[in-house]
Each structure stands twice: as C-alpha cells, then as structure tokens.
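# Summary of the model geometry
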Amino acid sequence: MARIVVSGARPTGRQHLGNYHGALKNWLRLQDEHRCFFFVADWHALTTDWASPESVDENTIEMVLDWLAVGLDPERATLFRQSAVKEHAELALIFGMLTPVPWLERNPTYKEQREQLRDRDLSTFGFLGYPVLQAADILMYKAWAVPVGIDQAPHIELTREIARRFNATYRRIFPEPETLLTDAPKIVGTDGRKMSKSYDNAVYLTDAPDVVEAKLSRMVTDPRRARRTDPGEPNDCPAYLSFHRLYCTPDELRYQEQGCRTASIGCLECKQITIRHVQAELEPIRARRAALRPDDARGALAAGNARARTVAEQTMAEVRQAVGL
Ligand code: SF4
C-alpha cells in the first residue's frame, strides 16, 4: 500500500526560489513515490493575519498556479484547500479538548513569532492553538510522514503526542507520523536575508528573464569586493553560498572561487554563470505558467477538495464513534 504524505503551505501568492527549493522540489519527488496530500493552509493564514484576510483567496490561486507550473500533478497528488474540508475544524476542536495548554505554550515558534510580529495581536486562542489545527491537518489523512524543515520538527512531535493521547484515551485510530526532514538548501534573498515576500528580496518563479537578471545582478556579495580589483572570499559571499553552490557545476565553482580570491573576475561576471543556470531552470516553469488560467487552479482544487473530503469523512466517522458522539 502506498504510504501517505501530508504537507501544507500558507497561501503566500506567487512562489519564489526559496519556496521552490525549500518545499516544492521535494513535493515533486514525493508525488512520484507516495500518496500525497498537499494543501493550502488558508485557516493557518488567519492565525496571524486574522485582521487582514483580503488577499487569502487571490494568494491561494496564485500559489496553486505556481504549484501546477512547477509540475505538481493534481492527478497524482491531492491538491486541496484546508477551509474546503470542514472536518479539519471538527477534528481540531476534539484534539483541543485533550491538548494541555502547556504543550502549546512551550512551542518555540509561538514565542518567537510573538516577539517578531509585533505589528499584530497574536495573543489569540487561534494563534496559541495552531499546532492543534496542524495535528488535525496531518492526522486526518493518517499520514505516514510529514516533510518539514528542522525548525518545524517540534510541531510534528506535538502531533505525535496528540495522536498518542487520543489513541490511549479512546481507541487507536491514528498512526504517529514520522518527521521527514528535508535537506533543502537555504536560499537567501538578494539582500542576504532569508528569501521572503515581506522583505522584498525574492526572485519569483514567474519573474521575467530581465527581472531575474536584474535582481540577481544586484545581489549582495562579499563586502571585501568593493572594487573590481579587491580579492574576496566566496565563503563570505551570500550569492556564492546560496546560488552559485546550488546551480553551478564543479568546474564552474572552481573558476568562480579562484577568480574571486585572485580578483581575476568581477562579481558580475561571476554571477552571470549562475544566472544562466537559474534562467534555464525557470524557463519551462514560466512557459507552463503562462498557459495556465485561474480556473485551472480552481479546477484542480475542486477535484482535490472532493478527494480529501472523502478521506476526511471516513476518519471523522471513526473519531466520532471512538469518542462516543
Ligand atoms: S566574485 Fe563571485 S563569489 Fe566572489 S564575491 Fe563576487 S559574486 Fe561572490
């Protein structure tokens, strides 16, 4: 029997290279190997952006169009929208009954985000409880594994704890999902910080070739190379650490490293080698994306919602019976 993998992403709109290398490339591989449920976590978006939900729908469609453009196949993977499968809310409610508040308060992301996102009120029940909703998202499909980055691993542990407590209290329904640690390369933005829409430093999958060229040409490098004649150190260069190493061949890397350390090449020439590879990777994605229309995303989601709902209804029938409702 195919093993079940579940993963979701908040609706962030157009996808950038950070999303591509951080999750989507991995999803592409997983859809060939497992029975995958990939969902748009639109209720999760509300846990932090409850006061400004205007762009959730548009961002959902834009994101799913990019999913289709990179090659996620709605025939093979179930692509769905969390809020279209209301059973997630019911399961989260039941899990909420048995989840001790201290389990949620010790969640490192909860503390960090409350520190970082000071422009909004996160002292809400919904924000504290989002890992419970996440547990419902995952356990609804009896996932064998969840692909996550290392920073998300504590959430999966919490999901396992909730599954254990439910199984021990009522009846064994839920498997304890594995954490499928993704060894994704860390992609920084053009300013050297984490690539993010909110930092305005992202290279998008749908950026036109001249936009990609302009963005990567001005990406920060080793500050030692203020002048063309100043030697630099690739290991102190965000463009090298993030992009050159990911895209270039070993021969090209040797050329770039030596050229950088001896100042025999300038940063622009060095980056041009990488930019050619990035353009080659983005070209087919751009072409597929140009042929897609919003209705393609809506159609893929409608079919996926129906498939996800069928599984969710079965799980909830078991849950209600186990709990005695
Ligand atoms: S020459 Fe290349 S590796 Fe060196 S600082 Fe410039 S972009 Fe970075």
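Everything here concerns the structure above.
Described below are features of the structure shown in this document. (Residues numbered from 1 in each chain as written. Predicted model: local features only at pLDDT ≥ 70, side-chain atom pairs only at ≥ 80, totals over all residues. Heavy atoms only, no water.)

### Some remarks on the pattern of salt bridges
A complete count under the given rule lists 27 salt bridges for this structure. Asp-42 is the salt-bridge partner of Arg-81, the closest N and O atoms lying 2.8 Å from each other. A residue pair is termed long-range when its members are at least 10 positions apart, and Arg-81 in strand β3 (residues 78-81) and Asp-42 in helix α2 (residues 42-49) qualify at 39 residues. Asp-42 shares its class with Arg-81; the two are buried. (Salt bridge = Lys/Arg side-chain N within 4 Å of Asp/Glu carboxyl O. Helix = DSSP H or I, 4+ residues; strand = E, 2+ residues; numbered from the N terminus. Buried < 20%, exposed > 50% of the residue type's maximum accessible area, 1.4 Å probe, protein only.)

### Section: the nonpolar core
The nonpolar side chains of a soluble globular protein tend to be buried with one another. Leu-17, Phe-38, Trp-67, Leu-72 and Phe-243 are the most contacted members of the largest nonpolar core, which has 47 residues in total. Of all the secondary structure elements, the ones that give two or more residues to this core are α1 (17-33), β2 (35-40), α3 (56-70), α10 (209-217), α11 (238-247), α13 (267-290) and α14 (294-323). Look past the residues within four positions of Phe-243 in its chain and what remains in contact with it is Leu-17, Ile-187, Val-188, Met-195, Leu-216, Met-219, Pro-238, Thr-274 and Val-278. Of all hydrophobic cores here, the second largest spans 43 residues; its members include Phe-95, Tyr-110, Phe-174 and Val-311. (Core = buried A, V, L, I, M, F, W, Y, C linked by side-chain atoms within 4.5 Å. Contact = heavy atoms within 4.5 Å.)

### Thoughts on the side chain of Asn-26
Structurally, Asn-26 can be placed in helix α1. A relative accessible area of 12% places Asn-26 in the buried class.

### Observations regarding the packing of aromatic side chains
Enumeration according to the criterion identifies 12 aromatic pairs in this entry. When the ring of Phe-95 is compared with that of Phe-174, the centres are 5.5 Å apart and the planes differ by 75 degrees; the resulting orientation is edge-to-face. With a gap of 79 residues between them, Phe-95 in helix α4 (residues 87-98) and Phe-174 in the loop between α9 (153-169) and β5 (178-181) connect regions that are remote in the sequence. Phe-95 gets classed as buried once you look at its relative accessible area, which sits at 0%. Each residue in the set Phe-37, Phe-39, Phe-80 and Tyr-141 is aromatic and connected to the rest through ring pairs, giving one cluster. Over the face of the ring belonging to Tyr-204 we find Arg-14, whose NZ or CZ atom lies 4.4 Å from the ring centre. (Phe/Tyr/Trp six-rings, centres within 6.5 Å; stacked < 30°, edge-to-face > 60°. Lys NZ or Arg CZ within 6 Å of the ring centre and 35° of its normal.)

### Quick word on the site of the ligand
By nearness alone, every residue bordering the ligand is listed as Thr-221, Asp-222, Arg-225, Cys-237, Tyr-240, His-244, Cys-260, Cys-267 and Cys-270. Those elements that place two or more of their residues in the shell around the ligand are α11 and α13. Looking at the shell around the ligand residue by residue, the class counts come to five nonpolar, two polar and two charged. (Near = heavy atom within 4 Å. Nonpolar A, V, L, I, M, F, W, Y, C, P; charged D, E, K, R; others polar.)

### Regarding the packing of helix α8 (residues 130-139) against α9
Contact geometry for α8 and α9: axes closest at 9 Å, N-to-C directions at 70 degrees. On the basis of the axis angle, α8 is roughly perpendicular to α9. Where α8 abuts α9, its residues Tyr-130, Pro-131, Val-132, Gln-134, Ala-135, Ile-138 and Leu-139 lie against His-155, Ile-156, Leu-158, Thr-159, Ile-162 and Ala-163. Of the residues belonging to the contact of α8 with α9, the class tally is 10 nonpolar, three polar and no charged. (Axes fitted to C-alpha atoms, helices over the stretch in contact; angles between N-to-C directions. Parallel < 35°, antiparallel > 145°, perpendicular 65-115°, else oblique.)

### Description of the pairing of β3
Alternating positions in β3 separate into two faces, Thr-78 and Phe-80 on one and Leu-79 and Arg-81 on the other, with burial throughout. Bridge count for β2 against β3 is four bridges, and the pairing is parallel. The residue of β3 that forms the bridge with Phe-38 is Leu-79. (Pairing = 2+ DSSP bridges.)

### Things to note about the environment of His-88
The residue His-88 is located in helix α4 in this model. Take His-88: its relative accessible area is 0%, and that puts it in the buried class. Those residues in contact with His-88 that sit more than four places away from it in its chain are Trp-43, Phe-80, Gln-82, Leu-133, Ala-136, Asp-137, Met-140 and Tyr-141. There is a polar contact of 2.7 Å between the side chain of His-88 and the side chain of Asp-137. (Polar contact = N/O pair within 3.5 Å; in protein donor to acceptor, adjacent residues only side chain to side chain.)

### Topic: the environment of Asp-183
Secondary-structure assignment places Asp-183 in the loop between β5 and α10. Judged by relative accessible area, which is 77%, Asp-183 ranks as exposed.

### Concerning the pairing of strand β4 (residues 145-148)
The alternating pattern of β4 places Ala-145 and Pro-147 on one face and Val-146 and Val-148 on the opposite face, and all of these are buried. Strand direction decides the pairing type here: β4 and β5, joined by four bridges, are parallel. If you follow Ala-145 over to β5, its bridge partner there is Glu-178. Crossover β4 to β5 through α9 is right-handed. (Right-handed = clockwise from strand over helix to strand, strands pointing away.)

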